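Now for the letters of each chain:
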Amino acid sequence: MNEVNYSHKYSKRWREFESYLNKHKKKDPQELEKLYVELMDDLAYARTNFPDSNTTRYLNQLAMKAQQALYKRSKSDSKGIINFFRYTYPLMIHKHRKKILYSFLILLFSAIIGALSTHNDATFVRMIMGDRYVDMTLENIKQGDPMGVYASMDPWTMFFAIAWNNIKVSFYVFIAGIVFTFGSIILMFQNGVMLGTFQYFFFQQDLLGVASQTIWLHGTIEIFSIVIAGAAGLLLGNSLLFPGTFSRLVSFRKGAREGAILIGGLIPFFILASFIESFITRHYQQSQALNLIIILISVAFILYYFILYPIKTKNKQTHGRTKESNPIAEST
């Protein structure tokens, strides 16, 4: 696309954004951040394809004005984190909901493969989980404490170790997408096989109910967070494989930025899952009812925050633009 066609296609959006910056003293933080991201994508494209043009200079000036508005808002807005999880993150989840579905299906498919492999090969569980873990678990089963591994470490030490490991794993799954998506798929596949193997191993010991209650106390949030990380990896890889109208570099930057938002939003969920695993899971034998309540609350939270709430937020945003006389309504 040459400069004339590019400017003709998007100039109306840019003028409306400029008008929005000039006329609206109280700017919607959610809207401002979204439009700024769009503007930076346009600017990156212009810099790549016609760096010394009037269009690029105009977009540079508009970006500087937008940055000033964002800076003023960030200094005065004490609810930045709240707004992130209330608006920005759910909208990003909604935008990449298909990738989240694909990531979930990869995990589910690989978990089934792990279970079937464990069923057909008695040595498979040792290959995946390791001899040390299998022997320790079998010994715990003999002693009447099959999930005793969760009480084998000081809770605070365990909490920090697990939280760090989960954040690290999610980052690896995300960044592996740079290998044209396949890196993230492979890591998701490995995690799924391990999950399926783990579950089926306890099924073979007639302890699937106990194991499921224990694992999914913390695993409901933890595993779904890994699914989101997998989606971020797919996003990063697809930005390289399918750049669309952008250059591959511009598309990659956009994918990396949005993927980083998906990963960054997972940190409190990993911390919560690590807390449950370190301080609650170790007491799995005390109350079956409490275990089920925690699991059901976790499932309900995931269904609401990661599925229903993003749809609700997106619909509210779309309806609001249609209803209000907003100068940027047509541009989005």
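Structure: see above.
Keep in mind that what you see is a predicted model, and the values were worked out from it rather than measured.

Enquirer: Hey, could you run me through the overall build of the protein in this one?
Expert: Counting its regular elements, the protein contains 13 helices and zero strands. When the elements of the protein are put in sequence order from the N terminus, they spell out α-α-α-α-α-α-α-α-α-α-α-α-α. Seen through its principal axes, the protein has C-alpha atoms that stretch 75 × 35 × 35 Å. Put simply, the protein has 332 residues, and 47% of those count as buried. Taking as baseline every contact in the protein between residues at least 6 positions apart, the subset at least 24 positions apart corresponds to 80%. Total accessible area on the protein stands at roughly 17,700 Å², and carbon and sulfur atoms take up 64% of it.

Enquirer: I keep staring at the packing of helix α5 (residues 97-120) against helix α10 (residues 208-241) and nothing clicks. Help me out?
Expert: A pair of packed helices can be characterised by two numbers: the angle between their axes and the separation between those axes. As a packed pair, α5 and α10 sit with axes 8 Å apart at the nearest point and diverge in direction by 120 degrees. In this structure, α5 crosses over α10, and the sense of that crossing is right-handed. Between α5 and α10, the contacting residues are K99, I100, Y102, S103, F104 and L107 on the first element and I223, F224, I226, V227, I228, G230, A231, L234, L235 and N238 on the second. Per-class residue counts for the contact of α5 with α10 are 12 nonpolar, three polar and one charged.

Enquirer: Just checking my understanding: could you explain α5 for this structure?
Expert: Three or four residues apart is the spacing at which side chains of an α-helix point the same way, because the helix has 3.6 residues per turn. Taking 1.5 Å per residue, 24 residues should reach 34 Å; α5 reaches 35 Å between its end C-alpha atoms and fits that length. By the burial criterion, the buried members of α5 are K99, I100, S103, I106, L107, S110, A111, G114, A115 and T118.

Enquirer: What is the right way to look at the nonpolar core in this model?
Expert: Nonpolar side chains in soluble globular proteins tend to end up buried together. With 30 residues, the main nonpolar core has Y89, I93, I100, I228, L262, L266 and F306 as its most contacted residues. Among the elements of the structure, α4 (80-95), α5, α8 (155-175), α10, α11 (248-264), α12 (267-279) and α13 (288-323) are those that each provide at least two residues to this core. Element by element, the count of residues in this core is highest for α10, at 10 residues. Not counting residues within four places of it along the chain, the set of residues in contact with F306 comprises Y89, I93, F224, I228, F269 and F301. Y6, Y20, L43 and A46 belong to the second largest nonpolar core, which has 19 residues in total.

Enquirer: How do you make sense of the side chain of E277 when you look at a structure like this?
Expert: Within the fold, E277 resides in helix α12. Dropping the residues within four chain positions of it, E277 is found in contact with Y150, M158, I162, H218, E222 and R282.

Enquirer: Hey, could you run me through a nonpolar patch on the surface in this one?
Expert: Nonpolar side chains collect at one region of the surface, where L101, Y102, F104, L105, L108, I112 and L116 lie side by side and expose about 650 Å² of accessible area between them. Checked against the element boundaries, L116 lands in helix α5. We classify L116 as partly exposed; its relative accessible area is 49%.

Enquirer: Where do I start with the environment of A122 in this structure?
Expert: Its location among the elements puts A122 in the loop between α5 and α6 (124-129). A relative accessible area of 70% places A122 in the exposed class. Considering only alpha carbons, one finds A122 and Y6, 116 residues apart in sequence, at a separation of 61 Å.

Enquirer: Before we go on, may I ask you to explain the pattern of salt bridges in this structure?
Expert: Charged atoms that come close allow side chains of opposite charge to pair. Counted under the stated rule, the structure contains seven salt bridges. Ionic pairing is found between D41 and R257, a salt bridge with its closest N-O pair at 2.5 Å. Placement of D41 in helix α2 (residues 29-49) and of R257 in helix α11 is noted, with a sequence separation of 216 residues between them. With relative accessibility at 29%, the residue R257 sits in the partly exposed group. K95 serves as the salt-bridge partner of E258, at 2.7 Å between the closest nitrogen and oxygen. You can see E258 sitting in helix α11 and its partner K95 sitting in helix α4, a full 163 residues away along the chain. A cluster of three or more residues bridged by salt bridges with shared partners is formed by K95, K254 and E258.

Enquirer: Explain unusual backbone geometry here, please?
Expert: Although it is not a glycine, D206 sits at a positive phi angle of roughly 60 degrees. The residue D206 is located in the loop between α9 (182-204) and α10 in this model. A relative accessible area of 71% means that D206 is categorised as exposed.

Enquirer: Help me out: how do you make sense of the packing of α8 against α10 in this one?
Expert: Viewed as axis vectors pointing N to C, α8 and α10 meet at an angle of 25 degrees, and their least axial separation amounts to 7 Å. With respect to α10, the axis of α8 lies roughly parallel. Crossing of α8 over α10 shows right-handed handedness. On α10, the residues that touch I162, N166, V169, S170, V173, F174 and I175 of α8 are E222, I226, A229, G230, A232, G233 and L236. Taken together, the residues of the contact of α8 with α10 sort by class into nine nonpolar, four polar and one charged.

Enquirer: I tried to follow the packing of aromatic side chains on my own but got confused; where do I start?
Expert: For the structure on display, the rule yields 29 aromatic pairs. On the basis of an interplanar angle of 75 degrees and a centroid distance of 6.2 Å, the ring pair of Y45 and F50 is categorised as edge-to-face. Judged by relative accessible area, Y45 falls into the buried class, the value being 5%. We classify F50 as buried; its relative accessible area is 9%. Each ring, one from Y304 and one from Y309, has its centre 5.7 Å from the other, and the planes form 35 degrees; the classification is tilted. In this structure Y309 comes out as buried when scored by relative accessible area, which is 15%. Among the aromatic residues, ring-to-ring pairing joins F224, F269, F301, Y304, Y305, F306 and Y309 into one connected group.

Rules used throughout
- Residues numbered from 1 in each chain as written.
- Predicted model: local features only at pLDDT ≥ 70, side-chain atom pairs only at ≥ 80, totals over all residues.
- Heavy atoms only, no water.
- Helix = DSSP H or I, 4+ residues; strand = E, 2+ residues; numbered from the N terminus.
- Buried < 20%, exposed > 50% of the residue type's maximum accessible area, 1.4 Å probe, protein only.
- Contact = heavy atoms within 4.5 Å.
- Areas by Shrake-Rupley, 256 points an atom, 1.4 Å probe, with all protein chains shown as cover.
- Axes fitted to C-alpha atoms, helices over the stretch in contact; angles between N-to-C directions.
- Left-handed = near helix turned anticlockwise from the far one by under 90°.
- Nonpolar A, V, L, I, M, F, W, Y, C, P; charged D, E, K, R; others polar.
- Expected span 1.5 Å × (residues − 1).
- Core = buried A, V, L, I, M, F, W, Y, C linked by side-chain atoms within 4.5 Å.
- Patch = residues over 30% accessible without salt bridge, like charges linked within 9 Å, V, L, I, M, F, W, Y side chains within 5 Å.
- Salt bridge = Lys/Arg side-chain N within 4 Å of Asp/Glu carboxyl O.
- Parallel < 35°, antiparallel > 145°, perpendicular 65-115°, else oblique.
- Phe/Tyr/Trp six-rings, centres within 6.5 Å; stacked < 30°, edge-to-face > 60°.

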